[in-house]
Amino acid sequence: MSDVVVFAGTTEGCQVCDFLAKHKVSVLACVATDYGSKSLKEDEYLKIHAGRLTGEEMEVLLREHSPRLVLDATHPYAAEVTANIRIACKNTGFSYERVLRENGAHQDKAVYVEDTEAAVKFLEGTKGNILLTTGSKELGKFTALSDAGERIYARVLSLPSVMETCKGYGFEGKHLIGMQGPFSMELNAAMLRQYDCKYLVTKDTGKAGGFQEKIDAALMCDVIPVIIGRPLQEEGLSVAECKRMLTDRFVLTLKPHVTLLGIGMGSEETLTIQGKKAVQKADLIIGAKRMADSIRESGQPVVYEYRSDVIGEYIKNHAEYENIVIALSGDVGFYSGAKKLLDVLKEISADIEIICGISSVVYFMSRIGQSWDDAKITSAHGKNCNLISMVKHNQKVFSILGTGSAVAELAQKLVEYQMGDVVLYVGENLSYPEEKIFYAKASELISYEGQALSVVCAYNEKARPAFSTHGIQDEEFIRGKAPMTKEEVRCVSLSKLRLQEDSICYDVGAGTGSVSVEMALRADQGQVFAVEKKDDAVALLYENKQKFAADNLEIVKGEAPQALASLPVPTHAFIGGSSGNLKEIVALLLKKNQDVRIVINCITLETISEALDVLKEYDFAEREVVQLAASRSREIGRYHLMMGENPIYIITCQKPQRME
């Protein structure tokens, strides 16, 4: 007993059988030969009957299995078999559905003929070798061609019986090619070139029959396709429509496999091999029209949509599609719609696969001969983006643009902010035939009319890094008995340091690590070394490093200046505690880097005196002393009193004019 009997032997038939068995619907697959069953694998739900059946034998088989449904997924040229299946179903009363393969995409250059005899008649009046791909059954008819033995190269299945039949027609040696498909466009092209063919004869066997690969190869090799038209004009279901019908009929619960595919810039050349394989397996492509059309194969179903919620709803309501590819521009992780799609797809319980692509920044920067790892990367497409500030403070800024006037607007603002000399590299329609890449100064582009599908890289030789901001509340830090630089003092001290994102910083006498942590968060591309000699303070440093995830903060247990000797060369140093070794610490810092910027916090008169001696000794070109007295309010009953903190001297120095 089987729920469904499928007359298979074609790719479509195998797909339907696998679909049913996968969802635990018992199916009997009927194939004409053992060869036709090789794409199927028997299991608990899928059984195979191999062997040709007469109409009467079909009726016997159907009565034996009493299926709820009979599917005819035989080859589009098996007209007699289809007629027998229809009659058998009518005589036995079982429900019948025809499953048809999709038409291939015909090309204007092709020659269409009604039947094999017409193909022979056309070829009789031509010259040049012929690659015959219609199989062995009608090979005998081509012997009517006067020079068939010299011109025809017949490609047939590599079965002994088939080869023997072809030999009987006079085709052997190099004129008989025994191979099993499917055949790629590249392999078809190689064979056309190998045999110097001028014509390729085929039937429109649709996508599954490799029709499009034959046509593409022929056109690439300047070979004329001779297409024998379909013998039947049938009505029936596509594979997708059949799956939907089966889903409803057997109340199946499906979990689609959805691939978020980064397609690169849009041309075929920028789609990865992994991406191409995903597209080939897909039974539905979804995406904005330009993107979906750039990857879909001939006859492949497509839905033009980019809104995440609409895509999710469509997939939910169309369970017939099991393997779906959603096309996303560039790379899925680079300013794409993947983030929203992931949330939507998780709600409908889809199996999700993510395949990366070539992003616009990678493609464009390679085209202009620039590295991108040192560029500030952003997007101004559909979002607010302070490009001016980025360009002012970064030598190299890459941005995706969203309008045709975006380049001119950016150029105009750069001129207004006295940055008209900034060079703008502009890329439009990347990877497409109309691709345009050029560069010019901003002052030359204030009236430029461009394309919306564009990117820009601004190169500013005069860029100066922006100062970092700071200000974490004291209560956020894990505190113990170790001293901590308070928030107000910390803010002023860090502002005096003028950290950059890649600064190498020392925090000498780090205490709980409040200054170290803020340094690490501001100089997130650099490194901070917190030097502390007390065990309890070191323990707090580790706790605060973990709490703030300051991975670029390295804790050094020891006393300065000895603990500083083996550390990397600093660009900045904060001295919050010196244990009476201030002069020695400053001497070592200047020995490592004469241009190091130093900020010293002094709370005792002795430390102030020592710091002033240091300023005099090295005669710093930049030196400043700030006395900071902060007060905080405290409630006493219904009154608020201001309670003063210890006054702090903040000393800043850089660029010594005298060295020992």
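In the block above lies the structure referred to throughout.
All values reported here derive from a predicted model rather than from experimental measurement.

Colleague: Which residues make up the overall build of the protein, and what values do they have?
Modeller: If you tally the helices and strands in the protein, you get 21 helices and 30 strands. For the protein, the share of sequence-separated contacts (at least 6 apart) that also reach a separation of at least 24 residues comes to 67%. Accessible surface, the protein: about 32800 Å² in total, of which carbon and sulfur atoms supply 49%. Treating the 75 positive side-chain charges of the protein as one cloud and the 90 negative ones as another, the clouds have centres 2 Å apart.

Colleague: An account of the sheet that holds strand β5 (residues 96-98) is requested, with residue identities and associated values reported.
Modeller: With respect to topology, five strands assemble into an open sheet ordered β3-β2-β1-β4-β5, the strand pairing being parallel. Either end of the sheet is taken by a strand with one partner, and the two such strands are β3 (46-50) and β5. On average, adjacent strands in this sheet sit at an angle of 20° to one another, irrespective of strand direction. Alignment of strand β1 (residues 4-7) against strand β2 (residues 27-31), held across four bridges, turns out to be parallel.

Colleague: Tell me about the environment of G178, residues and numbers included.
Modeller: With respect to the secondary-structure elements, G178 resides in strand β9 (residues 176-178). Placed 24 residues apart in sequence, G178 and A154 show a C-alpha to C-alpha distance of 8.4 Å. Excluding anything up to four places from it in sequence, G178 contacts V156, S158 and M163.

Colleague: Mind laying out the packing of aromatic side chains, listing which residues take part and the relevant values?
Modeller: For the coordinates displayed, the defined rule picks out ten aromatic pairs. Measuring from ring centre to ring centre gives 6.2 Å for Y506 and F529, while their planes differ by 90°; the resulting arrangement is edge-to-face. With Y506 in strand β22 (residues 504-508) and F529 in strand β23 (residues 527-532), this pair connects stretches of sequence that are 23 residues apart. With a relative accessible area of 0%, Y506 lands in the buried category. In this structure an aromatic cluster arises from ring pairing among F334, Y335, F364 and F398. Cation over ring: R155 sits above F183, and NZ or CZ is 3.7 Å from the ring centre. In this structure, R290 is placed above the aromatic ring of Y432, and the distance from its NZ or CZ to the ring centre is 3.8 Å.

Cut-offs used in this document
Residues numbered from 1 in each chain as written. Predicted model: local features only at pLDDT ≥ 70, side-chain atom pairs only at ≥ 80, totals over all residues. Heavy atoms only, no water. Helix = DSSP H or I, 4+ residues; strand = E, 2+ residues; numbered from the N terminus. Contact = heavy atoms within 4.5 Å. Areas by Shrake-Rupley, 256 points an atom, 1.4 Å probe, with all protein chains shown as cover. Lys, Arg positive; Asp, Glu negative; His and termini not counted. Charge placed at Lys NZ, Arg CZ, Asp CG, Glu CD. Pairing = 2+ DSSP bridges. Axes fitted to C-alpha atoms, helices over the stretch in contact; angles between N-to-C directions. Phe/Tyr/Trp six-rings, centres within 6.5 Å; stacked < 30°, edge-to-face > 60°. Buried < 20%, exposed > 50% of the residue type's maximum accessible area, 1.4 Å probe, protein only. Lys NZ or Arg CZ within 6 Å of the ring centre and 35° of its normal.

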